[in-house]
Structures are given as C-alpha cells and as structure tokens.
Amino acid sequence: MGFRKKNKSPPVLSHEFVIQNHADMVSCVAMIILLGLMFEVTAKFAIMFITVQYNVTQSVDERAEQVNLYQYGPKDIATVFFYLLIAVILHALIQEYILDKMNRRLHLSKTKHSKFNESGQLAAFYLLSFIWGCSILTAEEFATNPTFLWEGYPHTHMVFQVKFFYICQIAYWLHALPELYFQKVRKEDIPRQLYYICLYVFHITGAYILNLHRLGLVLLVPHYLVELLFHASRLFYFSDENKQKGFTLWALLFVIARLLTLTLSVLTFGFGLPRAENQGFSLAKGNFNVLTIRQVIKKTPVIAWMMWKFINFQLKKWREHSQSQASKKKAFSPKSKPHKKDLARVGSANGVVKSDDKTSPRERKAKAS
C-alpha cells in the first residue's frame, strides 16, 4: 500500500515496488500538475486539469444577477484524470490509517480480509456521495415537481455542484480499475468487481453525456443509500457474526429503491421525453431525444440483473441460516435414553448377566439355605 514503511525494499520498478509505493508515485504526478500553476507558461494547461471547464454565463430574466453554468466537453477528460489521481491517494490513506488497523484487531481470514477492505472503501465513498447528492437535490425542484426530470430537455447546462459531482463520480469508478492491481485483489473476486465497476462507469458517463444528469442524480442518491447500508452491515457482520439485522433492513430498502428506479425510468422515457417539445438527434445541441435511444435505455437489463443477484444473495443467506440452526439443534438436543434390551446386551458383553428374578437378596438367600 502507499505511505507504508518497509524494512526490505523490493527492486525498483518491480511489481512489488509499484504496489507498495503507488500512492507516493501518484502523489508526485499530482504535485507536478499543481506546481504547473506557479508558472505562466504551464498555468493554462494545469488549470485544465484542476478546475471545471466549459463555464457559460447566463443572465436570469427575473433578476439582474448572472449565473455561471457549465457544459461538458473533451477537456473534462483531463479533469477526470487529475481527480482520479486524488482518488488513488485518498484510497491509500483510508486503507493505511483506518482499514489496516481494524484488520489487525479483528484477525480476519484472507477471504474476509479482502471483503472487509472492499466494504470499507465503498462504505466511505457511498456515505460521502449520498450526503453530497442530497445537498444538491435539496436545491432542486424534484421534491415539489418531479417533472423537472424531463422538462426543458436537453439539459445542456449544469450548475457547478452537479458537474463537479459527475466528474468525481467518473474519476472514482475509473480509479477502481487500477486498484484491482494495487490492492492485490484475489483472482476469483476480480470478475465480480470488474463487472460492477464497468456498470457504474457506463451508466454514470452515459447520463453525463446524454444530458440526463438530473435523472442520474435522482437515481444515484437512493441507490447509494442502499449500498451504504449493505456494506456497513457487512462490516458489522465481520466484526461480530451475530450482527445481521442490518441485512434485513437492506433487503427492504433494496426492493423499494429498485421499484423507485423502475418507476422514474418509465415516467421519464415512456411518458415525459416522448411528449417533450424538442424531438430529434443533434450532437451540436446535445439532444438525444429519439425513440431508438429511449428504447435502448429502457430495455437495459440492469435492474433485472440486480434483482437476480439480490435473490441469489438472499437464498445463500437463508441456506447458511438454516444450516446453522440445524447444527445448533443437533448440538443441544437431549440424548435419547437407551432401551432396556440394549442395556442387557451391553451387560452380557461385559460378563454381567442380569436375572429376571425380582425377589430381594434376603429371600433368595433363604431359599438357597
């Protein structure tokens, strides 16, 4: 991991050297970009990496003041790259100073250790993104007017918070790709993590490019809340396996969030956008309101895949619970009393023969005399 002191240093530029010092190397690249602001020749290039680009000033009819709005463009790739570097550094800090210390106390196995690190990193990201997304939505009109999801489409202009939110989201999920190598993720876990990372990159970038950032933001906030609860519950489960109540609440909220996602998607692509004034396809105007794109987005089987994963997870938890309950019943069940015939067989085997005579020893002695 980055920032970790090692007694034995591996060969320079070897795999182990890169893995141990990747955060330091990334920090040097970020510092070079920041130092570019100090010189006039390189300042215009450094600003392209650090600040949000494509700002447009518009004047509001009702007010005399002007509002700064933003669009997207090719220069956003440089901004995403810089904040990808920042995400790698923050990832290493959380891993080194929080998760590794907790792992030493818990003494987890290798499998649980890998899942604990994954849930710890994602829980921190989901918490920050959920709070940030809620703060943006409070300033929007969605609470009182859900039609703002499709009214006035294409939504080519964004406020600073919305654009910076999407830049950071894309940068974080792109940084998760090299982290599979830096964190030495197990081979059997790579396909699963790679699958959901690519899904996040595809959908968030798609909402950003297709000017559907309003719908994307509204769908991301409840989704991140559900994922935050799941990974927090998994962290508590690894610390104490008896703490499983969080998974029950997560299962309930998961179904509600999927229903909300399905409802808003159908309303937007089946009711709102088909009736919008601006119909047609235009790259220059950022208009993608055509039937083909709407049908492709509606028929994307992501919700079905998530429900399938959810059902499989619940079935797995149910099997584990039933197996643990069965083992407990076997351990605490009262021992069955042996039959009289079994006792007689055991006694005869040991050379002791029990008589069926029920008279007392004195009576038997008197009869014998």
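Residues numbered from 1 in each chain as written. Predicted model: local features only at pLDDT ≥ 70, side-chain atom pairs only at ≥ 80, totals over all residues. Heavy atoms only, no water.

J.: Can you tell me about the overall build of the protein, naming the residues and giving the values?
T.: Scanning the protein from N- to C-terminus turns up 12 helices and four strands. Here the protein, with 369 residues, has 38% of them falling under the buried criterion. With an accessible surface of roughly 23,500 Å², the protein has 64% of that area assigned to carbon and sulfur atoms. (Helix = DSSP H or I, 4+ residues; strand = E, 2+ residues; numbered from the N terminus. Buried < 20%, exposed > 50% of the residue type's maximum accessible area, 1.4 Å probe, protein only. Areas by Shrake-Rupley, 256 points an atom, 1.4 Å probe, with all protein chains shown as cover.)

J.: Help me get a handle on the environment of W132, residues and values and all.
T.: Tracing the chain through its elements places W132 in helix α4 (residues 110-138). With relative accessibility at 17%, the residue W132 sits in the buried group. Each C-alpha atom, one on W132 and one on Q161, is 8.9 Å from the other, the two residues being 29 residues apart in sequence. Ignoring anything within four residues of it in the chain, the contact list for W132 reads Q161, F164, F165 and C168. A polar atom in the side chain of W132 sits 2.8 Å from the side chain of Q161. (Contact = heavy atoms within 4.5 Å. Polar contact = N/O pair within 3.5 Å; in protein donor to acceptor, adjacent residues only side chain to side chain.)

J.: Lay out the packing of aromatic side chains in plain terms, naming residues and giving numbers.
T.: Counted by the stated rule, this structure contains 30 aromatic pairs. Between F125 and Y126, the ring centres sit 5.8 Å apart and the planes meet at 50°, which makes this aromatic pair tilted. Relative accessible area serves as the criterion here: at 10%, F125 is assigned to the buried category. Among the residues examined, Y126 registers a relative accessible area of 1% and is labelled buried. Each residue in the set Y70, Y72, F82, Y83, W132, F160, F164, F165, Y166 and Y208 is aromatic and connected to the rest through ring pairs, giving one cluster. When the ring centre of F254 is taken as origin, the NZ or CZ atom of R258, which lies over that ring, is 4.7 Å away. (Phe/Tyr/Trp six-rings, centres within 6.5 Å; stacked < 30°, edge-to-face > 60°. Lys NZ or Arg CZ within 6 Å of the ring centre and 35° of its normal.)

J.: Tell me about the nonpolar core, and please be specific about residues and values.
T.: Y126, Y166, W173, I204 and Y224 are the most contacted members of the largest nonpolar core, which has 60 residues in total. Elements that contribute at least two residues to this core include exactly α1 (15-35), α3 (76-106), α4, α5 (160-182), α6 (190-209), α7 (213-239) and α8 (245-272). With 12 residues, α5 is the largest single contributor of residues to this core. When we break this core down by domain, the ones giving at least three residues each are domain 1 (11-50) and domain 2 (51-104 + 113-325). Not counting the four nearest positions on each side in its chain, Y126 is found in contact with W173, Y200, Y224, E227, L228 and H231. Core analysis: the next-biggest nonpolar cluster, separate from the first, contains 14 residues, F247, A251, F254 and M306 among them. (Core = buried A, V, L, I, M, F, W, Y, C linked by side-chain atoms within 4.5 Å. Domains from an automatic or database assignment.)

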